[in-house]
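Residues per chain, in single letters:
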Amino acid sequence: MAREKDDTIASRISRVLAERIIRGELAPDSRLRQDHLAEEFGASHVPVREAFRLLEAQGLAISEPRRGFRVASFDLKEVREVAEMRAALESLALKHAAPHLTASILDAAEEAARQGDAASEVHSWEEANRSFHRLILAPCTMPRLLATIDDLHAASARFLFSAWQSGWEKRTDHDHRAILSALRKGRTDEAAAILQKHVQWIGKAAVRTPSGATREAFAIVG
C-alpha cells in the first residue's frame, strides 16, 4: 500500500515537473534539486526520485552519476527524430482507430480544430492541437502505442514553446480539416497519409535564449 501511495505521489510530481519543463519554466540543463522539490511537494525523497525516473523515461530529464538529475536539453537532430517517430506511430494508430471512430468523436475533433484555429496564444493552441490528435487516435485501443505518442507530443510541445516564446500568430490548420474529411468518407489510408505528412512538417523559427542571443532551431507544429 505504501508503495502504491509513493507511485501516486511520484506520478503527480512528475506531471507537474513535466509541464514546467515543457512550458520552459525549467530551463534545459538546469538541476532538478531533490531536497527543494521534496519540501515543495511535502513528500519524502523516494517519490521525488521516482518522479525524476519518470521524467527520464519521457526524455525530459537526464541522470548524471553523483550529480543527480538535470533537465534534458534538445537539438535539431532530436527534433527531427521526434517528428519522424510521431509521423510513423500516429499513422499506425490512426489506421487501427479508424474503424472505431464515431460521428461524435469526429465532431469533438472538429471542435478541437476550431479551438486551435481561434487560439490567441501558443499554449491554448497546443492544448487544442493535442486534444485533436488524442481524439482521433485513442480508439486504436493500443495503450502502449498511445503512451509513446503522448511522450512524443510532450517533446513536440517543448520544441514548439521554445520556438514561439517571442510571439504567436493565429493560424488555420487545413491538414486537420483534410484528415477529418477523409475519415468521414471512410478513406482511412488517405487520412493516415495526410496525418503522416502533417506531423513531419517542420518550421524553422528563431529561438531567443535566456541570455538574449538568438539561434536557429526547428519547431514541430502539428
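Here, residues in each chain are numbered from 1, in the same order as that chain's written sequence. Totals for whole chains, interfaces and linings use every residue, but because this is a predicted model, local features are given only for residues with pLDDT of at least 70 and side-chain atom pairs only at 80 or more, for both listing and counting. With hydrogens and water set aside, each side-chain value is computed from the structure's full complement of heavy atoms.

1. Here's the deal with the overall build of the chain
Rules: What counts as a helix is a DSSP run of H or I of at least four residues, what counts as a strand is a run of E of at least two, and both are numbered from the N terminus. The method behind every accessible area is Shrake-Rupley, applied with a 1.4 Å probe, and residues are considered shielded solely by the protein chains displayed.
Helix and strand content of the chain: nine helices and five strands. Counting helices and strands in the order they occur from the N terminus, the chain gives α-β-α-α-β-β-α-α-α-α-α-α-β-β. Taken as a whole, the chain presents about 11,800 Å² of accessible surface, with 51% of it coming from carbon and sulfur.

2. A few points about the pattern of salt bridges
Quick note on the threshold: Any carboxyl oxygen of Asp or Glu that lies within 4 Å of a side-chain nitrogen of Lys or Arg is treated as forming a salt bridge with it. Exposure is judged per residue with a 1.4 Å probe applied to protein chains only, and the accessible area is read against the type maximum: over 50% gives exposed, under 20% gives buried, and values in between give partly exposed.
Taken as a whole, this structure holds 13 salt bridges when the rule is applied. Between aspartate 117 and arginine 177 there is a salt bridge; the shortest N-O distance is 2.8 Å. Linking aspartate 117 in helix α5 (residues 103-118) with arginine 177 in helix α8 (residues 174-184), this pair joins segments that are 60 residues apart in sequence. Under the relative-accessibility criterion, aspartate 117 is labelled buried at 15%. One salt-bridge network, in which partners are shared between bridges, spans Asp107, Glu110, Glu111, Arg114 and Arg184.

3. Notes on the sheet that holds strand β2 (residues 61-64)
Filter applied, for reference: If DSSP finds at least two bridges between two strands, the strands pair. Between two residues, a contact is recorded if the distance between any of their heavy atoms is within 4.5 Å. Lines fitted to C-alpha atoms define the axes here, with helix axes fitted over just the stretch in contact, and angles between the N-to-C directions of these axes take values from 0 to 180 degrees.
The antiparallel open sheet is built from three strands, whose spatial order is β1-β3-β2. Two strands lie at the open edges of the sheet, namely β1 (31-32) and β2, each paired on one side alone. As paired elements, β2 and strand β3 (residues 68-71) share four bridges and run antiparallel to each other. In the sheet register, serine 63 faces β3, and the bridge partner there is phenylalanine 69. Across the sheet, helix α3 (residues 45-57) lies against β1, β2 and β3, angled at about 115 degrees from β2, the strand it touches most.

4. Focus on the environment of alanine 61
Topologically, alanine 61 is positioned in strand β2. If sequence neighbours within four positions are ignored, alanine 61 has contacts with Leu32, Phe52, Leu55, Glu56, Phe69, Arg70, Val71 and Ala72.

5. Remarks on the confidence of the model for the chain
Atom-level detail of predicted coordinates should not be read off regions where pLDDT is low. Note the cut-off: Looking at any residue, its pLDDT shows the predictor's confidence there, from 0 to 100.
Chain-level pLDDT for the chain is 84 on average; 83% of the residues reach the 70-or-more range. Predicted confidence for residues 1-6 stays below pLDDT 50, and this span has three contacts to residues more than four positions away or in other chains.

6. Quick word on the packing of helix α4 (residues 76-97) against helix α9 (residues 188-200)
Put simply, the test is: For classification, angles of less than 35 degrees are called roughly parallel, those exceeding 145 degrees roughly antiparallel, those between 65 and 115 degrees roughly perpendicular, and all remaining angles oblique. Should the near helix be turned anticlockwise from the far one by less than a right angle, the crossing is termed left-handed; should it be turned clockwise, right-handed.
Contact geometry for α4 and α9: axes closest at 8 Å, N-to-C directions at 160 degrees. On the basis of their axis angle, the class for α4 and α9 is roughly antiparallel. Along this stretch, α4 crosses α9, giving a crossing that reads as right-handed. Across the interface between the two elements, Ala83, Glu84, Arg86, Ala87, Glu90, Ser91, Leu94 and Lys95 from α4 touch Thr188, Asp189, Ala191, Ala192, Leu195, Gln196, Val199 and Gln200 from α9.

7. Some points on the nonpolar core
For the record, the criterion: What we call a nonpolar core is a set of buried Ala, Val, Leu, Ile, Met, Phe, Trp, Tyr and Cys residues that are connected through their side-chain atoms within 4.5 Å.
Ranked by size, the top nonpolar core spans 26 residues in total, and within it Leu94, Phe132, Ile136, Leu137, Ile179 and Leu183 carry the most contacts. Of all the secondary-structure elements, those providing two or more residues to this core are α4, α5, α6 (122-137), α7 (143-163), α8 and α9. If one sorts the elements of this core by residue count, α9 sits on top with five residues. In this structure, Ile9, Leu17, Ala61 and Phe69 belong to the second largest nonpolar core, which totals 18 residues.

8. Side note on the environment of arginine 12
Looking at where arginine 12 falls in the secondary structure, it is placed in helix α1 (residues 2-22). Judged by relative accessible area, which is 38%, arginine 12 ranks as partly exposed. Sequence spacing of arginine 12 and proline 47 is 35 residues, and the spatial spacing of their C-alpha atoms is 9.5 Å.

9. Let's talk about the packing of aromatic side chains
The line we're drawing: Two rings from Phe, Tyr or Trp (for Trp, the six-membered ring) form a pair when their centres sit within 6.5 Å of each other. Planes less than 30 degrees apart are called stacked, planes more than 60 degrees apart edge-to-face, and all others tilted.
According to the stated counting rule, one finds one aromatic pair in the structure shown. Ring geometry for phenylalanine 52 versus phenylalanine 69: centroids 5.2 Å apart, planes at 50 degrees, classification tilted. Of this pair, phenylalanine 52 sits in helix α3 while phenylalanine 69 sits in strand β3, and the two are 17 residues apart along the sequence. With respect to burial, phenylalanine 52 and phenylalanine 69 carry one shared label: buried.

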